[in-house]
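Given next are the chains, with one letter for each unit.
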Amino acid sequence: MGKNFYNIEQLRKQARKNLPDPMFHYMEGGADDEVSLERNCKAFDRYQITPKSLRDISNLSTETEVLGHKSPLPLILAPTGMNRLFHHHKEYAVAKAAEKQNLIYSLSTVATTSIEAISNTISSPKMMQVYIHKDRELTRTLVERTKKAGYSALCLTVDTVVAGNRERDFETGMGLPPKFTLKSIASFLLHSYWLRHAFINKGFTLSNLTDYINKDEMSGMSPAEYINNQFDRTLSWKDLEWLRNHWDGKLVIKGVQNAHDAKTAETIGADAIMISNHGGRQLDGSPAPIDSLKPIKEAINGQTQLIVDGGIRRGSDIFKAIALGADAVSIGRPYLYGLAALGEEGVISAISILKEEFERTMMLSGCSSLADIKEDMITPY
Ligand SMILES: Cc1cc2nc3c(=O)[nH]c(=O)nc-3n(C[C@H](O)[C@H](O)[C@H](O)COP(=O)(O)O)c2cc1C
């Protein structure tokens, strides 16, 4: 395609063009009225950056340490399930793009590529995200496989004990593998590139789970049905202790939204907390992660890194998160738009756009390094 994209919104528009409705809306949508989804992005506009003038910014560094990894940017790629829905190169394309940019890649439990396949593809730092299934043996095995495959971090997502109410998926009839319903068939036919590859390159299975879950039972299930059938509702902080004892690499808790939980996670020994509302896909009405950052930062003892996750669409959003006390941010949809737009090249585009925007924001604000980005440069609007 060889197209030049100069912002994330352009990648989003291309993703919209390339994907049949069920796939696009599964990626794009949020829960219920999508209040949190919208809030996640808009909240960044309520913080203004007051620049500092006449600082020598000729030696710019955006380097930092995230989860023990010397990262060129305070950015990681968040775990997102079922990437095969968006492009036939699926998780491979995202992982390879992350490796090329030396950023931490996260693989979802419900990925369409296995733990081992990713570790055979990239040698850069990787994080495996786990959901706790009712079948504890399954979770224990996933952790063992993650260890064996050489991942440096494990991430427990705590905001998905039941599925968020994603109404767009009811509308479009989203399922895995994709269902051809009367409603969706026209949309599939209008997206011939996607459709052709759906037949040539299948790969729509939940690769990490195929050995444990009955294939016939799972076939055609919506993501919500899968979560409500399989995930463990008894999940509690005791399970986090259990996980800490079974995993001696970096441990990340994803989906923490209040100061009390953050403190508990820190006490149990979490190396990082991802302040996240799952991109507005779980509890609608929950706060934008950027707004939860300061109270959480003030409550913890600085023993755990803070990663803000949700609504990042511009490099200036990264700047604001760092200024308000985040160690890094993570992105989901921005790289998925890139994946759907252009495969690996599109993911690289998404990362490069955010990198250039972040660097420009730093220079225009008089900051040469992350240490120069201070809270007093941010005022609520
Ligand atoms: C299509 C899609 C699938 C996702 N799948 C997962 C998942 O399997 N596990 C998880 O912890 N979070 C998942 N998330 C949430 C992301 O990790 C991340 O929290 C969210 O995308 C951040 O918001 P953003 O999309 O505005 O960047 C998913 C998000 C999207 C958009």
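In the annotation of an unreviewed UniProt entry, the protein is listed under the name Alpha-hydroxy acid oxidase and assigned to Temperatibacter marinus. The protein has a UniProt comment under Sequence similarities (unreviewed entry) that states "Belongs to the FMN-dependent alpha-hydroxy acid dehydrogenase family."

Enquirer: Kindly report on the site of the ligand, identifying the contributing residues and their values.
Expert: Lining the immediate environment of the ligand, one finds 26 residues, of which Pro79, Ser108, Tyr131, Thr157 and Asp309 sit closest. Here a nitrogen atom of the ligand and a side-chain polar atom of Gln129 are 3.2 Å apart. Contact distances for the ligand include 3.3 Å between a nitrogen atom and a side-chain N or O atom of His278. Looking at which element gives the most residues to the shell around the ligand, the answer is helix 16 (residues 333-342), with three residues.

Enquirer: Got a sec to walk through the nonpolar core? Specific residues and values, please.
Expert: Grouped together as the largest cluster of nonpolar side chains are 105 residues, with contacts concentrated most on Leu85, Phe86, Ile290 and Ile373. If sequence neighbours within four positions are ignored, Leu85 has contacts with Leu19, Met23, Tyr26, Met174, Leu176, Pro178, Trp194 and Phe204. Of all hydrophobic cores here, the second largest spans 13 residues; its members include Ile104, Met127, Ala153 and Ala272.

Enquirer: Give a description of helix 9 (residues 192-200) that names residues and reports values.
Expert: Within helix 9, burial applies to Trp194, Leu195, His197 and Ala198. All buried residues of helix 9 project into a common sector of 165° when viewed along the axis, lining one side. Projecting away from the buried face of helix 9 at angles above 90 degrees are the exposed residues Phe199 and Ile200. Buried residues in helix 9 make contact with helix 1 (8-18), helix 2 (21-28) and helix 8 (182-189).

Enquirer: Talk me through the packing of helix 15 (residues 315-323) against helix 17 (residues 344-364); I want residue IDs and the actual numbers.
Expert: It is the contact of helix 15 with helix 17, at a shortest axis distance of 7 Å, that shows an interaxial angle of 60°. Taken as axis vectors, helix 15 and helix 17 run oblique relative to one another. Here helix 15 runs over helix 17; the crossing is right-handed. Facing helix 15, whose interface residues are Gly315, Ser316, Ile318 and Phe319, helix 17 presents Leu354, Glu357, Phe358, Thr361 and Met362. Of the residues belonging to the contact of helix 15 with helix 17, the class tally is five nonpolar, three polar and one charged.

Enquirer: Give me the lowdown on the UniProt feature "active site" (unreviewed entry) in the protein, citing residues and values where you can.
Expert: According to UniProt, the feature "active site" (unreviewed entry) maps to His278 in the numbering used here. In this structure, His278 sits in the loop between strand 9 (272-276) and helix 14 (289-299). Given the relative accessible area of 13%, His278 is considered buried. Other than its neighbours up to four places away in sequence, His278 contacts Tyr131, Thr157, Asp159, Thr160, Arg166 and Lys254.

Rules of the game
- Residues numbered from 1 in each chain as written.
- Predicted model: local features only at pLDDT ≥ 70, side-chain atom pairs only at ≥ 80, totals over all residues.
- Heavy atoms only, no water.
- UniProt positions renumbered as here; feature names shortened; annotations may be inferred.
- Near = heavy atom within 4 Å.
- Polar contact = N/O pair within 3.5 Å; in protein donor to acceptor, adjacent residues only side chain to side chain.
- Helix = DSSP H or I, 4+ residues; strand = E, 2+ residues; numbered from the N terminus.
- Core = buried A, V, L, I, M, F, W, Y, C linked by side-chain atoms within 4.5 Å.
- Buried < 20%, exposed > 50% of the residue type's maximum accessible area, 1.4 Å probe, protein only.
- Contact = heavy atoms within 4.5 Å.
- Arc of directions from axis to C-beta.
- Axes fitted to C-alpha atoms, helices over the stretch in contact; angles between N-to-C directions.
- Parallel < 35°, antiparallel > 145°, perpendicular 65-115°, else oblique.
- Left-handed = near helix turned anticlockwise from the far one by under 90°.
- Nonpolar A, V, L, I, M, F, W, Y, C, P; charged D, E, K, R; others polar.

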